[in-house]
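Coordinate analysis (summary)
The primary structure of each chain is shown beneath.
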Amino acid sequence: AQKVTQAQTEISVVEKEDVTLDCVYETRDTTYYLFWYKQPPSGELVFLIRRNSFDEQNEISGRYSWNFQKSTSSFNFTITASQVVDSAVYFCALSGVLTGGGNKLTFGTGTQLKVEL
Amino acid sequence: EPEVTQTPSHQVTQMGQEVILRCVPISNHLYFYWYRQILGQKVEFLVSFYNNEISEKSEIFDDQFSVERPDGSNFTLKIRSTKLEDSAMYFCASSASRTGRSYEQYFGPGTRLTVT
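Here's a quick rundown of the structure. The model shown is predicted, which means the values in this text are computed figures rather than measured ones. (Residues numbered from 1 in each chain as written. Chains lettered and ligands numbered in written order. Predicted model: local features only at pLDDT ≥ 70, side-chain atom pairs only at ≥ 80, totals over all residues. Heavy atoms only, no water.)

As for the overall build of chain B
The helix and strand tally for chain B stands at zero helices and 11 strands. Along chain B, from the amino end to the carboxyl end, the secondary structure elements read β-β-β-β-β-β-β-β-β-β-β. Viewed in the frame of its principal axes, chain B has a C-alpha envelope of about 45 × 25 × 25 Å. Split into buried and exposed, the 116 residues of chain B put 48% on the buried side. Once local pairs closer than 6 in sequence are excluded, the contacts in chain B between residues at least 24 apart make up 55%. By element, 44% of the accessible surface of chain B is carried by carbon and sulfur atoms, the whole surface being about 5,800 Å². A gap of 1 Å separates the mean positions of the 11 positive and 14 negative side-chain charges of chain B. (Helix = DSSP H or I, 4+ residues; strand = E, 2+ residues; numbered from the N terminus. Buried < 20%, exposed > 50% of the residue type's maximum accessible area, 1.4 Å probe, protein only. Contact = heavy atoms within 4.5 Å. Areas by Shrake-Rupley, 256 points an atom, 1.4 Å probe, with all protein chains shown as cover. Lys, Arg positive; Asp, Glu negative; His and termini not counted. Charge placed at Lys NZ, Arg CZ, Asp CG, Glu CD.)

See below:
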C-alpha cells in the first residue's frame, strides 16, 4: 500500500520569507513517481512537478525548488521569497509505474500555506 | 494550452437521485480518472479508465458508481442513487499522450456536488 504524509497542516509566513513544505512517503514499489500539486482558493488542482524515483537530482524552477531524498523517503518543496499569491493548499502525491502510464495518485492530506503581508 | 473541462461546475441534487458528471479530457490523452475531495479533506482516487474499460478502482467506487466514454471525447461519472455522504468536489483528470510518455495527470476545475 502507498501512503503520503504531510505532517504540517497549516503554515503561516510573512511575505518574502522562505518556506519548506514537508512530504514523506511509503511505497513497496521500486519505481514510482512523486508529484506536487497546488490548490488555490478557487479550488482547481494545478500540477507543479513530477519526479521519478531513480532521479534524485534536486530541481529549481524560479522561486520553487524540490529536494528528493530517497534515503529518507522525503520529497520536500521550498518556496523562496514567498508571495501572497502562493497562498494555497499544497498536496504531495505518489504513484506507481505501469508500462505506458495510467496510475492512480495517492495524495497526502495537504498543507495550507498562508502568506501574509 | 489544452485543458480538462468539467460540467457542471456545481450540481445540487436530492438524496436518491441519479447524477451524471461530465468531463472532456485533453484530446490526445489515453488515461482518464475520477477523484473526489470531501470539503477540507484530501483528494481520493475513485477510478481510472483506459481503452474503454476500467483499469483500477478504489473501495469507494462501489456499485452505485459507473463511468463511461460515450462518444470519444466525453468521460462521465454516474452516481445512481446519491447519498448525503457523496457531497464532495469531483475532479476529472487525464494523462499519457500518444505523442510521448507523459505521466502527469492534469485535472479539471472540478464539479461541486451537493446532496440534500
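Structure shown, so let's carry the discussion forward.
Re the nonpolar core
The tendency in soluble globular proteins is for nonpolar side chains to be buried side by side. Residues and elements named next belong to chain A. Grouped together as the largest cluster of nonpolar side chains are 23 residues, with contacts concentrated most on W36, F75, F77, Y90 and L113. Mapped by element, the contributors of at least two residues to this core are strand 2 (10-14), strand 3 (19-21), strand 5 (32-39), strand 8 (64-69), strand 9 (74-79), strand 10 (88-96) and strand 12 (111-116). If one sorts the elements of this core by residue count, strand 10 sits on top with four residues. (Core = buried A, V, L, I, M, F, W, Y, C linked by side-chain atoms within 4.5 Å.)

A look at the state of the cysteines
Evaluation of the coordinates by the stated rule reveals two disulfides over all chains. Between the sulfur of C23 of chain A and that of C92 of chain A lies a disulfide, 2.0 Å long from S to S. A torsion of -65° about the S-S bond marks the disulfide between C23 of chain A and C92 of chain A as left-handed. Of this pair, C23 of chain A sits in the loop between strand 3 and strand 4 (24-26) while C92 of chain A sits in strand 10, and the two are 69 residues apart along the sequence. Neither C23 of chain A nor C92 of chain A differs from the other in exposure class; each is buried. Each sulfur of the disulfide joining C23 of chain B and C92 of chain B lies 1.9 Å from the other. Between C23 of chain B and C92 of chain B, the S-S dihedral sits near -65°, and the bridge is therefore left-handed. Linking C23 of chain B in strand 3 (residues 19-24) with C92 of chain B in strand 9 (residues 88-97), this pair joins segments that are 69 residues apart in sequence. On the accessibility criterion, C23 of chain B (0% relative accessible area) is buried. (Disulfide = S-S within 2.5 Å.)

Some words on the sheet that holds strand 8 (residues 75-79) of chain B
Residues and elements named next belong to chain B. Strand order in the open sheet formed by four strands is 1-3-8-7, and the pairing between neighbours is antiparallel. Looking at strand neighbours, the two that pair on one side only are strand 1 (5-7) and strand 7 (65-68), the edges of this open sheet. Recorded for the sheet is a direction-independent mean angle of 20° between the axes of neighbouring strands. The pairing of strand 1 with strand 3 spans three bridges and is classified as antiparallel. Counted as the bridge partner of Q6 is C23 from strand 3. (Pairing = 2+ DSSP bridges. Axes fitted to C-alpha atoms, helices over the stretch in contact; angles between N-to-C directions.)

Some thoughts on the interface of chain A and chain B
Across the contact, 21 residues belong to chain A and 19 residues belong to chain B. At the boundary of chain A with chain B, the tally comes to two salt bridges. Linking E56 of chain B and K104 of chain A is a salt bridge whose minimum nitrogen-to-oxygen distance equals 3.6 Å. Our enumeration of links across chain A and chain B arrives at five residue pairs in polar contact (both at pLDDT 80 or more). At the level of secondary structure, the elements contributing two or more residues to the side of chain A that touches chain B comprise strand 5 and strand 6 (46-52) of chain A. Tallying contributions element by element places strand 5 of chain A first for the side of chain A that touches chain B, with four residues. Of the residues in the side of chain A that touches chain B, the class split is nine nonpolar, nine polar and three charged. (Salt bridge = Lys/Arg side-chain N within 4 Å of Asp/Glu carboxyl O. Polar contact = N/O pair within 3.5 Å; in protein donor to acceptor, adjacent residues only side chain to side chain. Nonpolar A, V, L, I, M, F, W, Y, C, P; charged D, E, K, R; others polar.)

Everything listed is a geometric property; what it means functionally is a separate question.
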